[in-house]
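Take a look at the letters that make up each chain.
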Amino acid sequence: MSNIIEMKGVNKWYGDFHVLKDINLDVKKGEIVVVAGPSGSGKSTLIRCINRLEEHQEGIIRVKGIEVNSDIKNLRQIRSNVAMVFQHFNLFPHLSVLENLILAPIWVYKKPKKEAIETAMYYLNKVNIADQANKYPNQLSGGQQQRVAIARALCKNPDIMLFDEPTSALDPEMIKEVLDVMINLAQEGKTMVVVTHEMGFAKKVANRVIFMDEGQIVEENDPQNFFHNPQSDRLKLFLKQILNH
Amino acid sequence: MAVYPLKPARKPPLKERGLIAWLRKNLLSSPFNIALTIFGVAILYMIIPPFIKWAFIDANFVGNSKADCTGDGACWVFIKEKLNMFIFGFYPQDILWRPKVVMLGLVALLIFAKFVKGFNKLKLFLIVIYPIIGYILLHGGYFGLEVVETSKWGGLLLTLIIASVGIVLSFPIGVILALGRQSKLPIIRSLSIFYIELIRGVPLITVLFMASVVLPLFFPQGVDFDKLARALIGISLFEAAYVAENIRSGFQAIPKGQYEAADSLGLTYWQKMGLIILPQAIRVTIPNLVGTFISLFKDTSLVMIIGLFDLLSMVNVAANDRDWLGMETEGYVFVAFIFWIFTFGMSLYSKYLEKKLDINKKG
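Residues numbered from 1 in each chain as written. Chains lettered and ligands numbered in written order. Predicted model: local features only at pLDDT ≥ 70, side-chain atom pairs only at ≥ 80, totals over all residues. Heavy atoms only, no water.

Asker: It is not clear to me how the overall build of chain A should be interpreted in this structure. Could you clarify?
Answerer: Helix and strand counts for chain A come out as 9 helices and 10 strands. The C-alpha atoms of chain A give a radius of gyration of 18 Å, which matches the 18 Å a tight globule of 245 residues would have. Each of the 245 residues in chain A was classed as buried or not, and the buried ones make up 56%. Across chain A, every contact between residues at least 6 apart in sequence was considered, and the portion connecting residues at least 24 apart equals 65%. (Helix = DSSP H or I, 4+ residues; strand = E, 2+ residues; numbered from the N terminus. Rg over C-alpha atoms; globule rule 2.2 N^0.38 Å. Buried < 20%, exposed > 50% of the residue type's maximum accessible area, 1.4 Å probe, protein only. Contact = heavy atoms within 4.5 Å.)

Okay, structure coming up:
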């Protein structure tokens, strides 16, 4: 099977600061890739380049064979295939949960409203939150909001799901309900690229774990070897810091 | 090792509740506060009883000429006799039903808007079609209606026309200017900034003079552009700059994540702004927007300097009537009261809207 995401020699700077250095990364269809690393290592920037929330300055990124560049037609096609879940949920607070979910289907995919609502309710059921459909985002807990955000992403029926630290802003008691939803998705074979500090998730469902530091991919491996047989000193140190506390 | 059971909530102690506690806490909490309270009460005592005496106790309400006003108090007979003038200006007395229908229609429209939920196509249609109906009725010239030149329109009618047209026109122009100022395209952004800063640096009176004196120079000879229309264009363009700045402050309150979420869903620029960003920005900015519209409402009285007769100028006209000399005070108090009713009503409506549209509502 061909690569659904290809990144070749990708470089990016914020002003003079070199955030991404020669990133080469391919993701196959149905693969679950977890990106780990310390804060400021460029992992969020990396996945945000895939749907061009951040623009890279050098190298090539292709999603389903379409190049990510300033061409607005390409961009529209890519964004309709790629969905994203954010650290701070980014639900639209002036719209009800249901309205948040049917927005893209109606306006981007031009689906009839009735069909959009049916799809939305299907995914709300899937993330166990159908009873909150008519509430507003600020009336929900963090964990509930993040599950709504996942449902909103699923309503696009995307080929690729990007998760940008989806549990980092949650109360400890709510992390599990979000991870459970993500594990379910992973087991259904969605292509996922997940930036996270939840190593338990990586161990359980990842096909591949990528370790980043200072804007580079330092090491990548299958979870088994990543956690039990790390090669680089930097990863050894990182694992020691996060696993032994 | 110890376990502590959860405790039920109690009411606060008695001395924290009730009228006495409120008085102590809010009016008499410190020597300085006590002094302020006494000072405030003294001022109220000096103002309110004499006013009530003048406006009600000694006032004259009955009669139909100045001779009927005998007391030392206000002569409300003047207001009563000149009421049509205050409300309709020089509009011909025999066809006053036309402005009356237009004004009642506006009230009916507002009530309708209140009770029909949501912003639908019908409402949009009414916003567009009602000014046309109103214009035909007021101005005449169609369906056998006698023509009444805009120079005859005046009083409260004119004030309301200028204010409502000003609000309805300046709002969309302001939104476009605010979007322009946020734009990534340098030319559009610079033009918007230039326009906004230029207008905000110029007094409304100047804009009105420009609209009334300079604008006609650009028209071919013989084309006489209606004076009221020129004032309306001037005021709308002027207020649009302020509306734009209000909405821009609303944009700044929207977190970056909202733009990113809209982008990642695949919405186009106009969908993102129209469905996500603007509705939230306008909500945040309602108090400021209403503030701007209230000052617009009051600024309408400036049209007097280009020779239009709004509510305030009608008082001058009426008080210059030889039979009613010396009635300015009553006239100004009355006008102040009318202005206050409308602006306070707008204030209340903005509070109601804020509450209704509060996106942080819980429960």
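Now that the structure has been shown, we can carry on.
Asker: Help me understand the overall build of chain B, please; the structure alone is not making it clear to me.
Answerer: Counting its secondary structure elements, chain B contains 13 helices and 1 strand. Its helices and strands in sequence order give chain B the pattern α-α-α-α-α-α-α-α-α-α-α-β-α-α, from N to C terminus. Here chain B has a C-alpha radius of gyration of 26 Å; the compact-globule value for 363 residues is 21 Å, and the former is much larger. Across its three principal directions, the C-alpha atoms of chain B cover 95 × 60 × 40 Å. Counting only residues that meet the buried cut, chain B has 38% of its 363 residues in that class. Summed over all atoms, the accessible surface of chain B reaches about 21900 Å², with 70% contributed by carbon and sulfur. (Areas by Shrake-Rupley, 256 points an atom, 1.4 Å probe, with all protein chains shown as cover.)

Asker: Explanation requested: the interface of chain A and chain B in the structure shown.
Answerer: A common way to report how large an interface is uses the accessible area buried once the components associate. Each side of the interface is counted separately: chain A has 24 residues, and chain B has 23 residues. When the two sides are added together, the surface that chain A and chain B hide from each other amounts to roughly 2100 Å², 59% of it contributed by carbon and sulfur. Together, Phe92, His94 and Asn138 of chain A form the three largest contributors to the area buried by chain A at its contact with chain B, with a combined 26%. At the junction of chain A and chain B, the tally comes to 1 salt bridge. Of the charged contacts, one joins Arg48 of chain A and Glu260 of chain B as a salt bridge, the two residues approaching to 2.5 Å between their closest N and O atoms. Looking at the side of chain A that touches chain B, the elements that each hand over two or more residues are helix 2 (72–81), strand 6 (82–85) and helix 3 (97–107) of chain A. Per-element tally for the side of chain A that touches chain B: the top contributor is helix 3 of chain A, with 3 residues. Of the residues in the side of chain A that touches chain B, the class split is 13 nonpolar, 5 polar and 6 charged. (Buried area = accessible area lost by both parts, 1.4 Å probe. Salt bridge = Lys/Arg side-chain N within 4 Å of Asp/Glu carboxyl O. Nonpolar A, V, L, I, M, F, W, Y, C, P; charged D, E, K, R; others polar.)

Asker: Sorry, what's going on with the pairing of strand 3 (residues 32–36) of chain A here?
Answerer: A regular strand places its side chains on the two faces of the sheet in alternate fashion. Residues and elements named next belong to chain A. Judged by how many residues are buried, strand 3 sits mostly within the fold: 5 of 5 residues are covered. Side chains of strand 3 alternate between two faces, with Ile32, Val34 and Ala36 and Val33 and Val35 buried alike. Sheet topology places strand 3 next to strand 8 (residues 191–195); 4 bridges connect them, and they run parallel. By the bridge assignment for strand 8, Ile32 is matched with Met192. Bridge analysis of strand 3 against strand 9 (residues 208–213) gives 4 bridges, and the strand direction is parallel. Note on strand 9: the bridge partner recorded for Ala36 is Phe211. (Pairing = 2+ DSSP bridges.)

Asker: For this particular structure, what's the right way to read the pairing of strand 8 of chain A?
Answerer: Residues and elements named next belong to chain A. Counting buried positions along strand 8 yields 5 of 5 residues, so the element is predominantly enclosed. Taking every second residue as pointing to the same face, both faces of strand 8 are buried, with Thr191, Val193 and Val195 on one and Met192 and Val194 on the other. Crossover connection from strand 7 (residues 160–164) via helix 6 (residues 175–187) to parallel strand 8: handedness right-handed. (Right-handed = clockwise from strand over helix to strand, strands pointing away.)

Asker: Sorry, what's going on with the environment of Lys356 of chain B here?
Answerer: Looking at where Lys356 of chain B falls in the secondary structure, it is placed in helix 13 (residues 328–356). It is 10.0 Å that separates the C-alpha atoms of Lys356 of chain B and Arg283 of chain B, two residues lying 73 residues apart in sequence.

Asker: Help me out: how do you make sense of the packing of aromatic side chains in this one?
Answerer: One pair of aromatic rings is described through two measures. These are the centre distance and the angle between the planes. Overall, the coordinates contain 16 aromatic pairs over all chains when judged by the stated rule. Ring centres of Phe226 of chain A and Phe227 of chain A lie 5.1 Å apart, and the angle between their planes is 75°; this geometry places the pair in the edge-to-face category. One exposure class covers both Phe226 of chain A and Phe227 of chain A, and it is buried. The interplanar angle of 75° and the centroid separation of 5.7 Å between the aromatic rings of Trp54 of chain B and Trp76 of chain B together place this pair among those described as edge-to-face. Highlighted residues: Trp54 of chain B in helix 2 (residues 31–57) and Trp76 of chain B in helix 3 (residues 76–88), separated in sequence by 22 residues. (Phe/Tyr/Trp six-rings, centres within 6.5 Å; stacked < 30°, edge-to-face > 60°.)

Asker: Whenever I open this one, the side chain of Ser192 of chain B confuses me. Can you help?
Answerer: All names here are of chain B. Residue position: Ser192 is located in helix 7 (residues 186–200). Polar side-chain contacts of Ser192 include one of 2.9 Å to the backbone oxygen of Ile188. Not counting the four nearest positions on each side in its chain, Ser192 is found in contact with Leu177, Gly180 and Arg181. (Polar contact = N/O pair within 3.5 Å; in protein donor to acceptor, adjacent residues only side chain to side chain.)

Asker: Just to check I follow, could you spell out the nonpolar core for this structure?
Answerer: In globular proteins that are soluble, nonpolar side chains generally tend to be buried together. Residues Met7 of chain A together with Phe86, Tyr91 and Phe251 of chain B are the most contacted members of the largest nonpolar core, which totals 115 residues. When residues of this core are assigned to domains, at least three fall in each of domain 1 (92–147) and domain 2 (156–356) of chain B. Non-local contacts of Tyr91 of chain B, meaning those with residues more than four positions away in its chain, are made with Leu96, Arg98, Pro99, Leu137, Leu138, Val148, Lys152, Trp153 and Leu157 of chain B. By size, the runner-up hydrophobic cluster in this structure holds 51 residues, among which are Ile175, Val178, Leu179 and Val181 of chain A. (Core = buried A, V, L, I, M, F, W, Y, C linked by side-chain atoms within 4.5 Å. Domains from an automatic or database assignment.)

Asker: For this particular structure, what's the right way to read the environment of Ala83 of chain A?
Answerer: All names here are of chain A. Mapped onto the elements, Ala83 comes out in strand 6. C-alpha of Ala83 to C-alpha of Val27: the two residues are 56 residues apart in sequence and 15 Å apart in space. With sequence-adjacent residues up to four places away left out, Ala83 is seen in contact with Ala153, Lys156, Pro158, Ile160, Met161 and Leu162.

Asker: I keep staring at the sheet that holds strand 1 (residues 3–14) of chain A and nothing clicks. Help me out?
Answerer: Residue and element names in this part refer to chain A. Within the open sheet, the 4 strands sit side by side as 2-1-4-5. Their pairing is antiparallel. A single partner strand is all that each edge strand has here, and the edge strands are strand 2 (17–28) and strand 5 (66–67). As judged from the 8 bridges shared by strand 1 and strand 2, these two strands associate in the antiparallel manner. Along strand 2, the bridge assignment pairs Ile5 with Val27.

Asker: In this structure, what is going on with the sheet that holds strand 8 of chain A? I would like to understand it.
Answerer: Adjacent strands of a sheet form backbone hydrogen bonds with each other and so pair up, either parallel or antiparallel. All names here are of chain A. An order of 6-7-8-3-9-10 is seen for the 6 strands of this open sheet, with the pairing classed as mixed. Each having just a single partner strand, strand 6 and strand 10 (216–221) make up the two edges of the open sheet. Pairwise comparison of adjacent strand axes, ignoring direction, gives a mean angle of 20° for this sheet. (Axes fitted to C-alpha atoms, helices over the stretch in contact; angles between N-to-C directions.)

Asker: Explain the confidence of the model for chain A to me, please; I cannot follow it from the model alone.
Answerer: Where the model shows low pLDDT, its predicted coordinates should not be examined in detail. Chain-level pLDDT for chain A is 92 on average; 99% of the residues reach the 70-or-more range. Element-level mean pLDDT values for chain A span from 88 in helix 9 (residues 233–243) of chain A up to 96 in strand 6 of chain A. (pLDDT = per-residue confidence, 0-100.)

Asker: Whenever I open this one, unusual backbone geometry confuses me. Can you help?
Answerer: Of all residues except glycine, most have a negative phi; of all peptide bonds, most are trans. All names here are of chain A. Here the phi dihedral of Asp22 falls at roughly 45°; this positive angle occurs in a residue that is not glycine. With respect to the secondary-structure elements, Asp22 resides in strand 2. Positive phi, normally seen in glycine, also occurs at Lys110, with a value near 55°. Structurally, Lys110 can be placed in the loop between helix 3 and helix 4 (113–126).

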